[in-house]
Amino acid sequence: MPRPPKHVPPDTLGGRIRAARAQLRLSLAHVAANRYSTSLISQIERNRVEPSYESLQFLADRLQLPFDELLVLSQQHKESEAEARQYKLYDELREESARLLANQHAIKALAPLQSLNMSQVPSSLRWRLAALRGQCYFTQRQFLNAQKDFLYAVAEKPEHVSTEQRLEAMTLHLHLAATHREFQQLEPAIDHYTIALNMMDQGTSVLHAAEAQWGLSLVAFELANRISSDKPSQQLEEKEAQLRAAIEHATIACALYRSIGDTLHVALLTCQIGLIEQARGKLDDARQHLRKILDEWLPTIEKHPQKSTDQRQLKESANIVSAVACSLSGIELDTGNFEHALNYVTVARQAGKNSYIIRRAEADMMLGRILEKKDVDDPGAEKAFRDAVSVLEPTDRLAARIRAHELLGRHLLRKGDATASEAEFDMVNKLAGLMMVFQNTPISIEGEG
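Cut-offs used in this document
Residues numbered from 1 in each chain as written. Predicted model: local features only at pLDDT ≥ 70, side-chain atom pairs only at ≥ 80, totals over all residues. Heavy atoms only, no water. Helix = DSSP H or I, 4+ residues; strand = E, 2+ residues; numbered from the N terminus. Polar contact = N/O pair within 3.5 Å; in protein donor to acceptor, adjacent residues only side chain to side chain. Contact = heavy atoms within 4.5 Å. Salt bridge = Lys/Arg side-chain N within 4 Å of Asp/Glu carboxyl O. Buried < 20%, exposed > 50% of the residue type's maximum accessible area, 1.4 Å probe, protein only. pLDDT = per-residue confidence, 0-100.

## Regarding the side chain of arginine 94
Phase 1 of the analysis: Within the secondary structure, arginine 94 is located in helix α5 (residues 67-102).
Phase 2 of the analysis: Separated by 2.9 Å, the side chains of arginine 94 and aspartate 91 make a polar contact.
Phase 3 of the analysis: In contact with arginine 94, not counting residues within four places along its chain, are Leu125, Arg128, Leu129, Leu132 and Glu168.

The following block contains the structure:
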């Protein structure tokens, strides 16, 4: 009979029994006597078998050990085994949900995670499961739930993670940064994009590096937009510095996407660059960039059958066309070319029908701005703003919802309807308060069931 391995921890039931047998210089056969097999005693010493109450009493007598001590060690062994089984169960759940999410089945991936009570999950798995559930919510654009899970995951994540979990940790910070940006929490967004970048190395996917650069570009652009053009020169210099940073980050991201042939993201980033150039007053450069993208992508949706099996490709192509056409419409509006602005916004709205909700809302808001500037009493302007409010209402796009209510509120005020205008600005304050309360509320999902 081979000797039990010497690496069995001495503070376990098997280790305590083996140590006592060695101290008494007894063989396995001597301990087993005629009552048990040597194989059973060996497996007990290796913590492979859980002894019965009677066999525990027998071993206590044979090895001159306190029975109560062995009883405590036996209970600890049972708890340890239960924890191991529990860990395996939750880890298998995590692996299966991660597989479904990777295969673009976010709803199926989320289903078994939604009712998880994190307090019952082994501590080492809590942050990983919370981060994964957050990614499922994020993919479905349920940003409030996503951010709640991401914040919890960051709080639970150990300071140092293993090499195997480094990608999960980096992705967690990228997604948390994106939710902060979605809710206009720009300083925390910068912090988490920076953390993610610092975790990257030569083995990091180009997609993750590009995502971080793009996110920083969007944050810098938003920071610049917070500075009004009528501010003192020192603040205007800060605005220009933020716009330059936005261009730099966008250019890097664009180059990264281009290096792997990702034409979809290159087109969207080119649109972003056009918006930044517009903000810097370089309208001709902005037009050139945007019209080139529109000329390239508009034919892809015009000849794309609406009932095509490749609906995802149609949606992404329409997303580009709607975003670019809406941006071009804004440029023409700023220069007073209402006819061209209306032509572009018509394209944006048509493409938006096959794209994302945010695109439809942006196109409606742009239409409202154009019609309002032409004639404040045009009923089409109010309808367009209300359409934007309506399409955004069931979403977590809080920043976009705030903008839609602001535009509608200002429009109603210009028309002289102060009461209706006040109701819209009350909603603006309510939504802004929701973002602020959520940002400052301590995160705990321990009691979810």
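## Digging into the pattern of salt bridges
Phase 1 of the analysis: Using the criterion set out here, one finds 18 salt bridges in the structure.
Phase 2 of the analysis: Two residues, aspartate 284 and arginine 287, come together in a salt bridge whose shortest N-O distance is 3.3 Å. With aspartate 284 and arginine 287 both in helix α14 (residues 283-302) and 3 residues apart, the pair spans about one turn of that helix.
Phase 3 of the analysis: Judged by relative accessible area, which is 59%, aspartate 284 ranks as exposed.
Phase 4 of the analysis: On the basis of relative accessibility, which here comes to 16%, the residue arginine 287 falls in the buried class.
Phase 5 of the analysis: Between glutamate 362 and arginine 359 there is a salt bridge whose closest N-O contact spans 2.9 Å. With glutamate 362 and arginine 359 both in helix α17 (residues 357-374), this residue pair falls 3 residues apart, about one helical turn.
Phase 6 of the analysis: Arginine 359 gets classed as buried once you look at its relative accessible area, which sits at 17%.
Phase 7 of the analysis: One continuous salt-bridge network, built from bridges that share partners, spans Asp91, Arg94 and Glu95.

## Focus: the confidence of the model for the protein chain
Phase 1 of the analysis: Of all residues in the protein chain, 93% have pLDDT values of 70 or greater, and the mean over the chain is 89.
Phase 2 of the analysis: Here residues 1-5 is modelled with pLDDT under 50, and outside its nearest four sequence neighbours on either side it reaches 10 contacts, counting other chains as well.
Phase 3 of the analysis: In the predicted structure, residues 441-449 sits below a pLDDT of 50 and forms 22 contacts with residues beyond four places in sequence or in another chain.

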